[in-house]
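Take a look at the letters that make up each chain.
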Amino acid sequence: MPVDMRTFLAHVELATPVLTAAGCAGSGRELAQFFDLHRLGALVTPSVTMAPRAGRPTPRMTETPSGLLNAVGLQGPGIDAFLERDLTWLAQRGIRTIVSIGGGTVAEYSALARRLTDAPGVTAVEVNLACPNLEDRGRVFAREGGAAAEVVASVRSILRGDVPVIAKLSPDVADIVAVARACVDAGADALCMINNPLGMSIDTLTLRPALAAVTGGLSGPAILPLAVRCVWQVHEALPGVPLIGVGGVLSGSDALQLILAGACAVGVGTALFHDPYACLRIERELEDLLQARGFQRLADAVGLAHRPPGSSPRIPLEENTP
Amino acid sequence: MQVTGTVLTTRRVDAFHALTVVAPGIAERTRPGHFVTVAVGGPSTSMLTRRALFVHDVKPDYGGTVELVFTVRGPGTRWLADRRARDPLDLVGPLGRPFPVPRDPVACVLVGAEYGSAVLFPLADTLLARGCRVDFVLGGAGAERVFGAMRARRVAQTTTLTTEDGSLGLRGRVADALPSVIADTRADAVYACGPMDTLREVTAVAMKFDIPVQVVVEEAMACGVGICMTCVLPVIGEDGTTRMVRACVEGPVFRGERVRFEDVGTIPFDAIGAPGGGARHAG
Ligand SMILES: Cc1cc2nc3c(=O)[nH]c(=O)nc-3n(C[C@H](O)[C@H](O)[C@H](O)COP(=O)(O)OP(=O)(O)OC[C@H]3O[C@@H](n4cnc5c(N)ncnc54)[C@H](O)[C@@H]3O)c2cc1C
Ligand SMILES: Cc1cc2nc3c(=O)[nH]c(=O)nc-3n(C[C@H](O)[C@H](O)[C@H](O)COP(=O)(O)O)c2cc1C
Ligand code: FES
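Only a predicted model underlies this, so the values are computations on that prediction, with no experimental measurement involved.

A. Representation of the overall build of chain B in the model. Counting its secondary structure elements, chain B contains five helices and 15 strands. Relative to the globule expectation of 19 Å for 283 residues, the C-alpha radius of gyration of chain B, 19 Å, shows essentially globular dimensions. Referenced to the eigenvectors of the C-alpha coordinate spread, the extents of chain B come out at roughly 55 × 50 × 40 Å. Buried positions account for 57% of the 283 residues belonging to chain B. Long-range contacts, defined as pairs at least 24 residues apart, comprise 62% of the intrachain contacts of chain B with a sequence gap of at least 6. Summed over all atoms, the accessible surface of chain B reaches about 11800 Å², with 50% contributed by carbon and sulfur. Measuring between centres, the 31 positive side-chain charges of chain B sit 4 Å from its 30 negative side-chain charges.

Dropping the structure here:
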C-alpha cells in the first residue's frame, strides 16, 4: 500500500511534504529543465525584496566539512520584476508556490505583503526574518521575539486570511521557543526552521577570510542536528503549530528525522546544488522508509519521537495481523 | 541531465590529468564551450559541491564519451586524479552557453592559458569545419603547464607558445604574443579561455584591434545550474547597464568587452541593485 504523503500547512493541503528551501531553487525555470515542478510539495522562492538587489561581492561561497558557507546577500530582481516574470511563470503553470519575502524594515515587509495580496498563484507567504533590521543597528529580526512578532503581525494583517503566513526562524538565538511563540502569538500560521546559522572560514593560503562578506550562512548536512533540535524544541512547546523542517536534508532518512521531531513538511536546499533531482529522490526515500516502518499516513509520523520511552511503537494493527 | 558515467581511460599529460568518461546523453548534447559538473569524493563524502570542468573532447564511442582535462588544485581534483578505468563518475551536463560561432569563414585566433586551452580544441574543429582559419596562442607558467601544443600544431595554421619562465616558446604571457598573431593572420575574431587576468589582458588587445572577443570565465560555482547565485560577475548588458550575472547559465562564454574585469569581486556602484539604491545590507 502506498503511504498517504499528503500534509497540511494550516488549511493548505500539499500533495507531498517535500519543498524546496528558500533561495535554493532559483526562479523555478532552472530546475524545470530537470524535473516536473508539479511533483514538489511546493516551490519556495528566493526571498524577494522591494528594490532589485545586486547582493554581496564574490567570493560568495566556500565549501566546509559536510557544509557550505554562503553570503549571497539576497541578490534578486525586486518585487516588480519578480511578480511580472517569475511569479507569473509559476502561476501560469499551476506550480504551488510559497513566496519568501525579506526586508530591512517592518514597512518594507508590509509593502511586500501589500504587493502580494492580489498576485495570483501565492499558496503561502514565508517571512524570512534573518534580515538585518535597519532600524536596530542591522541586527536580524529573527534574533528576538519582539522584532520578529512585529514583522509577522504586520504581514498577517495585510494578507488575505486564506493565505498562510509562515515565519522563518534562525537558530542563532538563545531561546528559539520564545521567538517561535512570539511569532505564533503575532498570527503566524506556520513556522519554518532553520535558516542558516552564521559561520566563517579563513583561507590559509591568502591568510584572509574565504568569503568577501567575511561571515556567511552555513548549510548542508553539517547543520542537520541543529535543525532537528530546533524543530524538536518548538514542537514540544507548540505541538499544534505546523512546522517546516529545513537544514541539511540530503536523504529520506534526514527528512524522517525532522518529521519525527515534529515537522509536517521538509525543505531541501543545499542538496539541490549537488543533485537537481534531490527533492524527488528524498520524497521517494521518505515514502519507502515510512512504508517499511508500517505507516500508512505521513501524518502519523509527525512528532512521533516525542512519545515517552518504552511506549509501544505505533505500527498499525493490520500490518501486524497476517 | 545527470548521468552516472564510467571512466574509460585515464592519462597524464605533463601537469594535467585527463579522464575519458562514458557519458551517453551528455556527450551528444555537448557543444564547444559547454562544461559539466562532477560529484567528487564518493557517496558518503563530506565534499558537498560538484566541481566544474570543461569538456575537452567528445567522441561517439561506447554511446558517447567526454574527455575532461584538469590540474590538481585541492581535495576534489585530487580525488578525481585517483580515478581509474571502470570507476563510476557522477556527471551533470552539458551546462552553460556554448561558444557562438561565426556564419562566415573568418580568421580566428584561439588563446588558451593552462587547462583553459582544453575547451578550445572542440571549438577549433567546429570552426575548421566551417572553413574558418584557426591560429592558436597557448601559454602557461612553464612548459609542462602548456596544454595541447602538439594537437594545436596539427590543426591550426600557426601555433604560438608562451611560458612565463621561458622554458617553451616565447617568454611572457599569451596576451604579450597576441598582437603580432592578430596582425599576421589578419584575425577577425578572438576566443580565449584562462584565468581572469589573462582574459582581461586578451580582451584589451582585441579591443585595441577592434575585433570581437569571446572569453570563457571561471567563477567559483556551487551548483552550476543557476540556482545558488554564487557565481556572479559584473557584465554590461545590451542596454548598457551592468548586472551581476551568473557565469554558469548566462555564461561561461561572454563577449570580452562586456565583462567588467576591473570590477570582478566587487559590486560596481552603478550595477542594478547595488547598495545605495534601495533596501541595503540585508542577508
Ligand atoms: C565553468 C568552469 C570550468 C572549469 N573547467 C576546468 C577544467 O576544465 N579543468 C580544471 O582543471 N579546472 C576547471 N575549473 C576549475 C575547477 O572547477 C576547480 O579547480 C575545482 O573545482 C577545484 O576543486 P578542488 O576540490 O580540487 O579545490 P578546492 O580549491 O579545495 O575547491 C573547493 C571549492 O571551491 C570551488 N572552487 C575552487 N576554485 C575554483 C575555481 N577556480 N573555479 C570554480 N570553482 C572553484 C570548488 O568547486 C569547491 O567548491 C573550471 C571551473 C569552472 C567554473
Ligand atoms: C545559496 C543559499 C541561498 C539562500 N537564500 C535564502 C533566502 O533567500 N531566503 C531564506 O529564507 N533562506 C535562504 N537560504 C537558507 C535556506 O533556505 C535554508 O534555510 C538553509 O540553507 C538550510 O537548509 P539546507 O541545509 O538544506 O540548505 C539560502 C541558503 C543558501 C545555501
Ligand atoms: S553556480 Fe549556482 S548559480 Fe551559478
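B. Structural context of the packing of helix α3 (residues 106–117) of chain A against helix α4 (residues 145–158) of chain A. Residue and element names in this part refer to chain A. Relative orientation of the contacting elements α3 and α4 amounts to 25 degrees, with a least axis distance of 9 Å. Classified by the angle their axes make, α3 and α4 are roughly parallel. Judged by the sense of rotation from one axis to the other, the crossing of α3 with α4 is right-handed. Contact residues: α3 offers V106, Y109, S110, A113, R114 and T117, while α4 offers E150, V151, S154, V155 and I158. Looking at the contact of α3 with α4, its residues break down into six nonpolar, three polar and two charged.

C. Just the packing of aromatic side chains, in detail. All names here are of chain B. Taken as a whole and assessed by the stated rule, the structure comprises six aromatic pairs over all chains. Aromatic side chains F16 and F147 sit 5.3 Å apart centroid to centroid with 75 degrees between the ring planes, which places their arrangement in the edge-to-face category. Residue F16 is found in strand β2 (residues 16–22), and its partner F147 is found in the loop between β8 (133–140) and α3 (149–155); the two are separated by 131 residues along the sequence. Across this residue pair, the class does not change: F16 and F147 are buried.

Cut-offs and rules
Residues numbered from 1 in each chain as written. Chains lettered and ligands numbered in written order. Predicted model: local features only at pLDDT ≥ 70, side-chain atom pairs only at ≥ 80, totals over all residues. Heavy atoms only, no water. Helix = DSSP H or I, 4+ residues; strand = E, 2+ residues; numbered from the N terminus. Rg over C-alpha atoms; globule rule 2.2 N^0.38 Å. Buried < 20%, exposed > 50% of the residue type's maximum accessible area, 1.4 Å probe, protein only. Contact = heavy atoms within 4.5 Å. Areas by Shrake-Rupley, 256 points an atom, 1.4 Å probe, with all protein chains shown as cover. Lys, Arg positive; Asp, Glu negative; His and termini not counted. Charge placed at Lys NZ, Arg CZ, Asp CG, Glu CD. Axes fitted to C-alpha atoms, helices over the stretch in contact; angles between N-to-C directions. Parallel < 35°, antiparallel > 145°, perpendicular 65-115°, else oblique. Left-handed = near helix turned anticlockwise from the far one by under 90°. Nonpolar A, V, L, I, M, F, W, Y, C, P; charged D, E, K, R; others polar. Phe/Tyr/Trp six-rings, centres within 6.5 Å; stacked < 30°, edge-to-face > 60°.

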